[in-house]
Amino acid sequence: MWAIKQGLMVTSFDAQVFSCPMVRRLSRYLSALLPLYGLAQWPDTLNVRHDFGNFNGPDAANSVQLHKTDAYLFVSTVDTGNGEDHSHWIGLTVFDQSGNVSQEISITPPLGYAQLGCTPHHGSCRTLDNGFAVLGGLVDTLPWGIHASLTRLNDQLIPLWTAIFPPDSGQFVPCQVIQTSDSGFALTGYVIGVGPSPGFIIKTDPAGNEEWRSLVGDPTKFHNSKSIVETPDHGFILAGHRRIVGCTNELWLLNVDSAGNNVWESMFPVSGKSLDALTIKPITSGGYAVCGTLDHLPSCGPFDYANYLARFNELGDTLWTLLIDDPSAEMENGWDVLQHPNGDLFVCGTWCETAPPFNTWGMIYRATLAGDSVWRYFYRFSDDSIPLAQGQLKSIILDHDSIGIICGGIAFPPWGGPYLHGQDNWLIRIDTNGCLIPGCNIVTGITGQYVDLGTAVTLIPNPANEQVSVQIALPVHHRLRDQLLLTIVSSDGRKVNDQMLPLLLSQTIVLDVRDLGPGLYYLHLSDGPTWLAGQKLIVE
């Protein structure tokens, strides 16, 4: 049991912590929390689909964080689908670097339901002592409505405290939490139910006690504060949107000082468009990167989203903007942005095609600090029973080695399909070239990648010295669209061999590797613009 701070009133939550062996013995009634669903992985990479609690319901997978020195923490909203008051939890799942689940925790509220905020990929932050803070919205009985809640966990994921912040009026919609330089926390979001919606910021001390709060924005307009960063002078910059008219928004940045007083405010309207910021992150050389969406059809009906990325200086002036727009897509969202140690910006998001069946894929793109696009790839997965399964990537962080990139999101069946399958957590690892297996960027014309067909290619023997047998076994439901190509790439990024293959789901090819020379190579299987699978090949 752990205490909740709400003035002088103390209530409690139950935090359930399970190890994998225990999970297999617990009933659904006791919140049995594990069986790993659809795990697909291959050496030296990571791909996980996971159904929290095996409820086969929506898992709104959101925020991914590094855990300890060799694991990952996934924070998600879990819908158990049982229709009860306690049917919404906040779920915490720990994966090791091979994608195996070692621990799950559910945070269950006493009344109503709990969920992550309006931009769930910001629903948690890693603390300076390697613990975590988890932001939530707590739906309670009237007259309280929606509160903001903040749960603090130590590095063993043991809950320390939860603080609840009721709104002065209306209802809080929390969006992001960050830890501040004084070891306290700052929360941002917006208020609904009070006419024009202001943004809000709440500052706490390290123990979750509220130090101050401030409602911000033009009192005559609707505001949505979705992301927050601390400035070098210990103030804050909020990023989101401000309503212009109808469903048309302008990008909105607000700088407040360390006491919540306005310093400057910047709006960025685009004529005939609607613009929204979803994430703001500091840039090491100064200023900030903001990613989000631009809607070409700023109406309350159909939409046509494009990815928006911009760089601003410390005063909120625009340095450059980059628009990633695909005419074949009706929705392209840039959910989260990461600056890599190499200086470049990596954005993860969603791509959804305009025409039926409205395939939705995860998307990642890379841009330089000067605003030039480097590459963009789509990521999708196959399934034993669900062809054309869907996915979105919503959270992006640097891996433990400070080189690789970890992305988290959600995986789900096709829209309108007959598949009785819920929405799962989804976690992948890529390198700085966007590849699940090194060297995919060398394969000509690749724009998309399947993430879970690694076992479709087997190399025998491996290591090899004269010949290697390449056994290909693609799923029976997989639809080949172009022409199969087998490509071998050296470890230093050179293409050393290409070979066209028959359009067959199952086949075996014998390759002569005597001319390759000893060393490490990567073998890639592609179908036109789509990368299917890859394996490491060692030649002796």
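Structure: above.
Here's a quick rundown of the structure. Just so we're clear, the structure is a prediction, and the values are computed from it rather than from any experiment.

1. Section: the overall build of the protein chain
Thought 1: Assigned secondary structure in the protein chain consists of 1 helix and 39 strands.
Thought 2: When burial is assessed residue by residue, the protein chain has 59% of its 540 residues classed as buried.
Thought 3: Within the structure as shown, the protein chain displays about 20,700 Å² of accessible surface, and the carbon and sulfur contribution to it stands at 54%.

2. Focus on the pairing of strand 16 (residues 210-216)
Thought 1: Taken together, the 6 bridges between strand 15 (residues 199-204) and strand 16 define a ladder with antiparallel strand orientation. Each residue of the ladder has a partner; that of F200, found in strand 16, is L215.
Thought 2: A loop of 5 residues connects strand 15 with strand 16, the two strands running antiparallel in sequence, and G208 in this loop sits at a positive phi of about 90°.

3. Considerations on the environment of L398
Thought 1: Here L398 lies in strand 29 (residues 390-398).
Thought 2: In this view, L398 contacts L66, L338, H340, P341, I403 and G404; residues no more than four positions away in its chain are not counted.

4. Notes on the side chain of N255
Thought 1: Within the secondary structure layout, N255 lies in strand 19 (residues 248-256).
Thought 2: Using a relative accessible area of 8% as the deciding quantity, one classes N255 as buried.
Thought 3: Once residues within four sequence positions are removed from consideration, N255 is found in contact with T231, F236, I237, N261, N262, V263 and W264.

5. Topic: the side chain of D276
Thought 1: Mapped onto the elements, D276 comes out in strand 21 (residues 274-282).
Thought 2: Within the structure, D276 has its side chain in polar contact with the side chain of H241 (distance 2.9 Å).
Thought 3: When near neighbours in sequence (up to four residues on either side) are disregarded, D276 contacts K226, G240, H241, G292 and T293.

6. Digging into the state of the cysteines
Thought 1: Considering all chains together, one arrives at 1 disulfide under this definition.
Thought 2: Here C435 engages in a disulfide with C440; their sulfurs sit 2.1 Å apart. When the S-S torsion is -90°, as for the bridge of C435 with C440, the disulfide is left-handed. When sorted by exposure, C435 lands in the same class as C440, which is buried.
Thought 3: A disulfide-free cysteine, C348 has its sulfur positioned 5.1 Å from the sulfur of C407, the nearest such atom.
Thought 4: Residue C348 is classed as buried on the basis of its relative accessible area, which comes to 0%.

7. So, the pattern of salt bridges
Two side chains bearing opposite charge may form a pair once their charged atoms approach each other closely.
Thought 1: For the structure on display, the rule yields 13 salt bridges.
Thought 2: Across the pair D129 and R152 runs a salt bridge, and its minimum N-O distance is 2.9 Å. With D129 in the loop between strand 9 (124-126) and strand 10 (132-139) and R152 in strand 11 (residues 146-153), the pair connects residues that are 23 residues apart, well separated along the chain.
Thought 3: Residue D129 is classed as partly exposed on the basis of its relative accessible area of 44%.
Thought 4: A relative accessible area of 8% means that R152 is categorised as buried.
Thought 5: One salt bridge connects R213 with E210, and the closest N-O pair in it is separated by 2.7 Å.
Thought 6: In this structure R213 comes out as partly exposed when scored by relative accessible area, which is 25%.
Thought 7: Take E210: its relative accessible area is 34%, and that puts it in the partly exposed class.
Thought 8: One continuous salt-bridge network, built from bridges that share partners, spans D168, E210 and R213.

8. Quick look at the sheet that holds strand 14 (residues 185-192)
Thought 1: Pairing within the open sheet is antiparallel, and its 4 strands lie in the order 13-14-15-16. In this open sheet, the two strands that pair with only one neighbour each are strand 13 (171-179) and strand 16. Here the average twist between neighbouring strands, direction ignored, is 20°.
Thought 2: Of the strand pairs in this sheet, strand 14 and strand 15 are connected by 6 bridges, and their pairing is antiparallel. What sits directly across from Y190, in strand 15, is G199.

9. Focus: the environment of A186
Thought 1: Structurally, A186 is set in strand 14.
Thought 2: Separated by 24 residues in sequence, A186 and E210 have C-alpha atoms that sit 9.6 Å apart.
Thought 3: Those residues in contact with A186, other than ones at most four positions away along the chain, are Q176, V177, I178, T180, I202, I228 and F236.

10. Considerations on the packing of aromatic side chains
Thought 1: Overall, the coordinates contain 10 aromatic pairs when judged by the stated rule.
Thought 2: When the ring of W161 is compared with that of F185, the centres are 6.2 Å apart and the planes differ by 75°; the resulting orientation is edge-to-face. Placement of the pair is W161 in strand 12 (residues 159-165) and F185 in strand 14, with a sequence separation of 24 residues.
Thought 3: The exposure class assigned to W161 is buried, which follows from its relative accessible area of 10%.
Thought 4: With a relative accessible area of 0%, F185 lands in the buried category.
Thought 5: Pairing F268 with F312 gives two aromatic rings, centres 4.9 Å apart and planes at 50°, and the pair type is tilted. Here F312 lies in strand 23 (residues 305-312) and F268 lies in strand 20 (residues 262-268), a separation of 44 residues in the sequence.

The rules behind each value
- Residues numbered from 1 in each chain as written.
- Predicted model: local features only at pLDDT ≥ 70, side-chain atom pairs only at ≥ 80, totals over all residues.
- Heavy atoms only, no water.
- Helix = DSSP H or I, 4+ residues; strand = E, 2+ residues; numbered from the N terminus.
- Buried < 20%, exposed > 50% of the residue type's maximum accessible area, 1.4 Å probe, protein only.
- Areas by Shrake-Rupley, 256 points an atom, 1.4 Å probe, with all protein chains shown as cover.
- Pairing = 2+ DSSP bridges.
- Contact = heavy atoms within 4.5 Å.
- Polar contact = N/O pair within 3.5 Å; in protein donor to acceptor, adjacent residues only side chain to side chain.
- Disulfide = S-S within 2.5 Å.
- Salt bridge = Lys/Arg side-chain N within 4 Å of Asp/Glu carboxyl O.
- Axes fitted to C-alpha atoms, helices over the stretch in contact; angles between N-to-C directions.
- Phe/Tyr/Trp six-rings, centres within 6.5 Å; stacked < 30°, edge-to-face > 60°.

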